[in-house]
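Fold and geometry: a report
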Amino acid sequence: MMDYKYIEQLLDRYWQAETSPAEESILRAFFCQADVPAHLRQYAPLFATFETMQSEHVSDDFEARVLARIAAAETAAPQQSVKAVRLTPLRKLTPLLRAAAIVAIVVLIGDSARRAAVGRANGEQWQYNTAYTETYSRDAGEASEALQKISESLPLAVLDSVKKDSTRQKQ
Amino acid sequence: MTDIDFRRDLLPLRDRLFRLALRITLDRMEAEDVAEDVLVRVWERRESLREVESLEAYCLTTCRNLALDRSAKAVAQHLSLDDEAATGQTTAHMGDDAHDPQATMEQHERIAAVRAAIATLPETQRTALMLREEEGRSGAEIAAIMHLTEANVKVILCRARRALRSKLAPHL
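Here, residues in each chain are numbered from 1, in the same order as that chain's written sequence. The lettering of chains begins at A and the numbering of ligands begins at 1, in the order of writing. Local features in a predicted model are, by the rule used here, given only for residues with pLDDT of at least 70; side-chain atom pairs are given and counted only at 80 or more, and totals for whole chains, interfaces and linings are based on all residues.

**Overview of the overall build of chain A**
As a reminder, the rule being used: By the criteria applied, helices consist of DSSP H or I runs no shorter than four residues and strands consist of E runs no shorter than two, each listed in order from the N terminus. Think of it as a crowd count around each C-beta: if 20 or more other C-beta atoms lie within 10 Å the residue is buried, if 12 or fewer it is exposed, and in between it is partly exposed, with C-beta placed from the backbone throughout.
For chain A, the count of helices and strands is 6 helices and 0 strands. Of the regular secondary structure in chain A, the N- to C-terminal order runs α-α-α-α-α-α. Within chain A, buried positions represent 8% of all 171 residues.

Here it is, written out as structure tokens:
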């Protein structure tokens, strides 16, 4: 008489769902053979049932039916990739606009970085201030020149008018 | 994954999908319809499925969802007689090598009893049993297909097997 301890152990673990698929195929093979010992025979139909369930298959015309449906779907929508994409003129330009925007940003950043670098290299801190004073002094010079002209000509004009007044009074 | 080829990648799954759908709907006609729908649907979506890790697991999940949708509609006939009819048909080849007609009859009856017992289990248990006992899937694979944890799958399998053992004890 053979020792069935191993099978019994496997079966115990099988009920607890602790066996691996490999161990379960050992059980399956054991219970589907012809001479299962009497004390284990009661479990044989369970494994035999799984065996029969495993071999169930679709009816013979299944393949033809599904292939016909696939073919019909193919002719209805012949080019899969085309259907999703519809481009408006603006959308067509989107990649171009995007590229242009990136270039613009890069140029701006690059230019300002260059300016900053040049400024630092020349040891200048804020050109803004010198430019401002220069403008101011030049403007002030022009203004004072103008004022001077006025101040020079104004007394003469006043004298002129005074003389005219006095001659009128004399008349 | 390379391009999906219908005949190479999808068509060979037909019996597997059919059996999973059959365990859920318990109706051969319904199950064939489900299997057909799964194949057509997955084929139509093939462009978006190139990155899917396992096409087969994806098909099985889709199949279960479709079958559940259908059987929810026909929930009134949960334990259908069609399954009993299917039992007789599919067990016919069992015991071909058993020449004793009496023994063959008994074998058929026992298998029919086990199938009837399986049909009374909850759907999750029937599905997990199918994936494990018929397909030999690991706990992790079953968990992925059924959107459960491995621990859940183990509990479900354990309950299913114990239920079968206890329900069938008198018949065996």
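**Some thoughts on the packing of helix α2 (residues 21-31) of chain A against helix α3 (residues 44-54) of chain A**
All names here are of chain A. Rule in force here: Only C-alpha atoms enter the line fits that serve as axes; for helices the fit covers just the stretch in contact. Angles between N-to-C directions range over 0 to 180 degrees. What sets the label is the angle itself: under 35 degrees gives roughly parallel, over 145 gives roughly antiparallel, 65 to 115 gives roughly perpendicular, and the rest give oblique. A pair of residues counts as a contact when their C-beta atoms, built from backbone coordinates, are within 7 Å of each other. Residue polarity follows a fixed list, in which Ala, Val, Leu, Ile, Met, Phe, Trp, Tyr, Cys and Pro are nonpolar, Asp, Glu, Lys and Arg are charged, and the others, Gly among them, are polar.
Two numbers describe how α2 lies on α3: the axes approach to 9 Å, and their chain directions differ by 105°. Looking at the two axes, α2 sits roughly perpendicular to α3. Only A44, F47 and E51 of α3 make contact with α2, whose side of the interface consists of L27, R28 and F31. The residue makeup of the contact of α2 with α3, split by class, is 4 nonpolar, no polar and 2 charged.

**A look at helix α5 (residues 89-121) of chain A**
All names here are of chain A. Let me state the cut-off plainly: Here the expected length of a helix is defined as 1.5 Å per residue gap, with one fewer gap than residues. One axis is fitted to the seven residues ending at the residue and one to the seven starting there. The bend at that residue is the angle between these axes.
For α5, which comprises 33 residues, the first-to-last C-alpha distance of 48 Å matches the rise-based estimate of 48 Å (1.5 Å per residue) to within 8%. Its axis deflected by about 40° at P95, α5 carries its strongest bend there. In terms of burial, α5 is largely open, as just 0 of its 33 residues are buried.

**Quick look at the interface of chain B and chain A**
Listed per partner, the contact involves 36 residues of chain B and 27 residues of chain A. If one sorts the elements of the side of chain B that touches chain A by residue count, helix α9 (residues 150-168) of chain B sits on top with 8 residues. Partitioning the side of chain B that touches chain A into residue classes produces 16 nonpolar, 5 polar and 15 charged.

Geometric descriptors of this kind do not, in isolation, establish any biological role.
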